[in-house]
Amino acid sequence: MEVNKISEKINSSPSCILLFSGKRKSGKDYITDIILERIKRENAVMLKISAPIKSYWAETHDLQFDDLMGAGEYKEKYRQDMIKWSEGVRRQNYGYFCEAAVKMFKAHEKPIWIVSDIRRKTDLKWFKENYGSAVKTIRVVADEGIRKQRGWIFTEGVDDAETECDLDDVLEWDWKIINNSNESELEKQIQDILSAIENIMHL
Ligand SMILES: Nc1ncnc2c1ncn2[C@@H]1O[C@H](COP(=O)(O)OP(=O)(O)O)[C@@H](O)[C@H]1O
Ligand SMILES: C[C@@](O)(CCOP(=O)(O)OP(=O)(O)O)CC(=O)O
């Protein structure tokens, strides 16, 4: 794979990019799916930085891309290898998968981008360098007990690695969502973000 091949100029500018991060089973997919559903389809796109990684991995290892993208156990067997491989690529070009995801999801066709899986400071850096103040950051947090109820099991080499821990010491987030399965609390936090998007879109 030629790591520096993706170098086309980025043209149109999105109005709002929501970057979500959080530990495994904190509820990133659950919450970003709800937000995407509430925004008019023609205005928003969901991006997953893991998608170009999984797509490459599926092609080269004869695996099912859709299963790698799902919430089930299938992806867990390959997670450590995908992490190792993708970290090698990132060492050469830290924005490689961010840029690949923007292209893969044709994000420039929509004004609002929802990125559900920010994992590293370099992910934040890449989006901020390219899109400046359009970028808003959101940390999803859930108690460890709740994450366990949702199926999380501590895994060495994953939960103690950069992929899960690099953003632990980032304290500045535009929003922090507490997702401990209290529906009305979650709803209020989602509403705050939706109102902010509405304001940005009507500026
Ligand atoms: N607030 C919630 N209410 C009910 N189920 C939830 C909630 N948040 C997450 N879940 C469930 O917990 C599991 C893990 O959530 P997911 O969004 O896949 O986490 P992550 O993307 O952070 O790993 C999923 O089955 C999801 O449906
Ligand atoms: C190689 C990975 O991209 C795999 C990520 O897969 P998911 O984003 O599906 O993971 P969770 O939502 O945390 O379960 C990790 C990375 O280091 O980029």
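Structure: above.
All of these numbers come straight from a predicted model, not from anything done at the bench. (Residues numbered from 1 in each chain as written. Chains lettered and ligands numbered in written order. Predicted model: local features only at pLDDT ≥ 70, side-chain atom pairs only at ≥ 80, totals over all residues. Heavy atoms only, no water.)

**Observations concerning the layout of surface pockets**
Our working rule: Grid points spaced at 1 Å and placed over the protein atoms alone form the basis of the search, with a cavity being a set where a 1.4 Å probe fits but cannot get out and a pocket an open set showing protein on both sides within 12 Å along at least five of seven lines. Lining residues have an atom within 4 Å of a point. Grid points are joined across faces, edges and corners, and a volume is the space filled by probe spheres set on the points. For the purposes of this entry, the term helix denotes a DSSP run of H or I that reaches at least four residues, the term strand denotes a run of E that reaches at least two, and both are numbered from the N terminus.
Considered as a void within the structure, the largest pocket measures approximately 810 Å³ in volume. K25, K28, D29, K75 and R119 are, among the 37 residues lining the largest pocket, the residues nearest its centre. Taken together, the elements giving at least two residues each to the lining of the largest pocket come down to α1 (28–38), α2 (50–61), α4 (76–92) and α9 (183–202). Considering every element that reaches the lining of the largest pocket, the biggest residue donor is α4, with six residues.

**Thoughts on the site of ligand 2**
The condition that has to hold: Each residue is tested against the molecule or strand, and it is near if at least one of its non-hydrogen atoms lies within 4 Å. Nitrogen and oxygen atoms within 3.5 Å of one another constitute a polar contact, given that in protein one can donate a hydrogen and the other can accept it, and given that sequence-neighbouring residues count only through two side-chain atoms. To measure how exposed things are, a 1.4 Å probe is used in the Shrake-Rupley method; for residues, cover is taken only from the protein chains shown. Grid points define the cavity or pocket, and a molecule sits in it when more than half of its atoms lie within 2 Å of them. Polar here means any residue other than Ala, Val, Leu, Ile, Met, Phe, Trp, Tyr, Cys and Pro, which are nonpolar, and Asp, Glu, Lys and Arg, which are charged; Gly is therefore polar.
By nearness alone, 13 residues border ligand 2, and K54, K75, R79, R119 and T163 come closest of all. Separating an oxygen atom of ligand 2 from a side-chain N or O atom of R120 is a distance of 3.1 Å. With the chains in place, 92% of the 460 Å² that ligand 2 exposes on its own is no longer accessible. Applying the majority rule of atoms within 2 Å of the grid points places ligand 2 in the largest pocket. Looking at the shell around ligand 2, the elements with two or more residues in it are α2 and α4. Counting residues per element, the shell around ligand 2 draws most heavily on α4, which supplies four residues. Of the residues assigned to the shell around ligand 2, the class counts are three nonpolar, two polar and eight charged.

**Observations regarding the pairing of strand β3 (residues 112–115)**
Here is the rule: The buried label goes to any residue with under 20% of its type's maximum accessible area, the exposed label to any with over 50%, and the partly exposed label to all in between, with areas taken from a 1.4 Å probe on protein chains only. Here, strands pair whenever DSSP counts at least two bridges between them.
Burial along β3 is two-sided: the face carrying I112 and I114 and the face carrying W113 and V115 are both buried. Note: strand β1 (residues 16–22) against β3, four bridges, orientation parallel. Looking at the pairing, L18 lines up with I114 of β3. Where strand β2 (residues 44–47) lies against β3, four bridges are found, and the strand directions are parallel. Across the sheet, A44 pairs through a bridge with I112, a residue of β3.

**A few points about the site of ligand 1**
Around ligand 1 sit K23, R24, K25, S26, G27, K28, D29, Y30, R150, N179 and L186, and those are all the residues in its vicinity. At 3.1 Å from an oxygen atom of ligand 1 is found a main-chain nitrogen or oxygen belonging to D29. N179 places a polar side-chain atom, nitrogen or oxygen, 2.7 Å from a nitrogen atom of ligand 1. Computed on the free molecule, ligand 1 has an accessible area of 560 Å², of which 72% lies beneath the protein chains in the complex. The pocket occupied by ligand 1, as judged from atoms lying within 2 Å of grid points, is the largest pocket. In terms of residues, the shell around ligand 1 owes the most to one element, α1, which gives three residues. Residue classes in the shell around ligand 1 are distributed as two nonpolar, three polar and six charged.

These figures come from the coordinates and say nothing about function on their own.
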